[in-house]
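# Chains, contacts and geometry: an overview
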Amino acid sequence: MTDDISPSTEVHHLLVDTEAGIAAAAKAVAAGQCVVLPTDTVYGIGADAFSSEAVQRLLDAKQRGGDMPPPVLVAEPSMLRALTSTVPKDAAALAKSFWPGALTLILKAQKTLQLKVGETDGTVAVRVPDHEGARALLRVTGPLAVSSANVSGQSAATTCDEARAALGDAVAVYLDGGTMGGSGPSTIVDFSRTDRGRVLRAGALSFEQLVAVATRLEPLPEPEIVEPEEEVAGPELVGGGSVPAIGEGPSVSDTDTSE
């Protein structure tokens, strides 16, 4: 079943006709256009991860710059080694335990990989979603750059209607899979700087779940509180205010609650 919402945009209901929806979305991706797809976390906006023009359309739709690159979704855990130069044993163990699922792994990218997702500093953020409709599309298209289907800074879309309201005709095909978002955003673990792994963002998977598999995993750092010196405290710090220090890490957007 298809709804036409503008001359250039289609909505396909996956629960009614999955095959037609996947075919339409795959055709749009091949043409360098953006699509919206349901995942196990929230709705995502996706584009060909190997096309700089397509990824730029995704970033433009979200009103976001290339310094916040989207993660890459793949259909199968076996795709991880095709995208990365090395997979530490703890990263492989986490992938085996939690994929498909709400876990994003950041690893060093293959040097010959022609991903065009933005300023990644030689890394790639990868996830296998636990949603059969999303994986069916990924099996046809190959890796997609996917971020949450919303304008940057706004709430992530948990329904197709919310995604349509946010992104409009910047998207060629919307795949409606019902209401998403019960599990929260994916948990992000960075293996690009240490083989131990370090949590960069808390999410649907708890640290306790992860460290039971990867016992050397470093937790998400507590925000460092920098106390202002009394003689230079500005008006905004009157009354005992404090400033959290922001730690450094790979440039990865997974979100605004993104994938």
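The following refers to the structure shown.

## As for the overall build of the protein
- Across its full length, the protein carries seven helices and 13 strands.
- A burial count over the protein gives 49% of its 259 residues as buried.
- In the protein, once contacts between residues fewer than 6 apart in sequence are set aside, the share between residues at least 24 apart is 64%.
- Summing over all exposed atoms, the protein offers an accessible surface of approximately 11,900 Å²; the carbon and sulfur share of this is 51%.

## Observations regarding helix α6 (residues 160-167)
- Where α6 is concerned, the buried positions are Cys160, Ala163 and Leu167. Taken end-on, α6 shows its buried residues confined to a sector of 60 degrees, consistent with a single buried face. The outward face of α6, more than 90 degrees from its buried face, is lined by the exposed residues Asp161 and Ala165.
- Against β2 (9-13), β3 (35-37), β4 (44-48), α2 (52-62) and β9 (173-176) lie the buried residues of α6.
- A positive phi of about 55 degrees marks glycine 168, the residue just after α6.

## Observations regarding the pattern of salt bridges
- For the structure shown, the criterion picks out nine salt bridges.
- The shortest N-O distance in the salt bridge between glutamate 132 and arginine 139 comes to 2.7 Å.
- Among the residues examined, glutamate 132 registers a relative accessible area of 48% and is labelled partly exposed.
- Aspartate 161 is the partner of arginine 164 in a salt bridge, and the nearest nitrogen-oxygen pair spans 3.6 Å. One end of the pair is arginine 164 and the other is aspartate 161, both in helix α6 and three residues apart, which spans about a single turn.
- Exposure remark for aspartate 161: the relative accessible area of 52% places this residue in the exposed category.
- Via salt bridges that share partners, Glu76, Glu132, Arg135 and Arg139 belong to a single interconnected network.

## Some thoughts on the nonpolar core
- Grouped together as the largest cluster of nonpolar side chains are 48 residues, with contacts concentrated most on Val36, Ile45, Leu94, Leu103, Leu105, Val189 and Leu210.
- Secondary structure elements with two or more residues in this core: β4, α2, α3 (80-83), α4 (89-98), β6 (103-108), β7 (123-127) and α6.
- Tallying contributions element by element places α2 first for this core, with five residues.
- If you look at the next biggest cluster of nonpolar residues, it comprises 19 residues, including Ala25, Ala26, Ala75 and Leu144.

## Topic: the pairing of β9
- Side chains of β9 alternate between two faces, with Val173 and Leu175 and Tyr174 and Asp176 buried alike.
- Pairing geometry for β2 and β9, over four bridges, is parallel. Residue pairing for β9: histidine 12 is matched across the bridge by leucine 175.
- The pairing of β3 with β9 spans two bridges and is parallel. If you follow valine 35 over to β9, its bridge partner there is valine 173.

## What about the packing of helix α1 (residues 18-30) against helix α5 (residues 132-141)?
- Packing of α1 against α5 brings their axes to within 10 Å, and their N-to-C directions diverge by 45 degrees. Of the possible angle classes, the one that applies to α1 and α5 is oblique. Of the two possible hands of crossing, α1 and α5 adopt the one that is right-handed. Contacts between α1 and α5 involve Ile22, Ala25, Ala26 and Val29 from the former and Gly133, Ala136, Leu137, Val140 and Thr141 from the latter.

## Re α4
- Every buried residue belonging to α4 is among Asp90, Ala91, Leu94, Ala95 and Phe98, and all of these are buried. Taken end-on, α4 shows its buried residues confined to a sector of 140 degrees, consistent with a single buried face. Within α4, the exposed residues directed more than 90 degrees away from the buried face are Lys89 and Lys96.

Criteria and cut-off values
- Residues numbered from 1 in each chain as written.
- Predicted model: local features only at pLDDT ≥ 70, side-chain atom pairs only at ≥ 80, totals over all residues.
- Heavy atoms only, no water.
- Helix = DSSP H or I, 4+ residues; strand = E, 2+ residues; numbered from the N terminus.
- Buried < 20%, exposed > 50% of the residue type's maximum accessible area, 1.4 Å probe, protein only.
- Contact = heavy atoms within 4.5 Å.
- Areas by Shrake-Rupley, 256 points an atom, 1.4 Å probe, with all protein chains shown as cover.
- Arc of directions from axis to C-beta.
- Salt bridge = Lys/Arg side-chain N within 4 Å of Asp/Glu carboxyl O.
- Core = buried A, V, L, I, M, F, W, Y, C linked by side-chain atoms within 4.5 Å.
- Pairing = 2+ DSSP bridges.
- Axes fitted to C-alpha atoms, helices over the stretch in contact; angles between N-to-C directions.
- Parallel < 35°, antiparallel > 145°, perpendicular 65-115°, else oblique.
- Left-handed = near helix turned anticlockwise from the far one by under 90°.

So, to be careful, I would describe these as geometric facts and stop short of saying anything about function.
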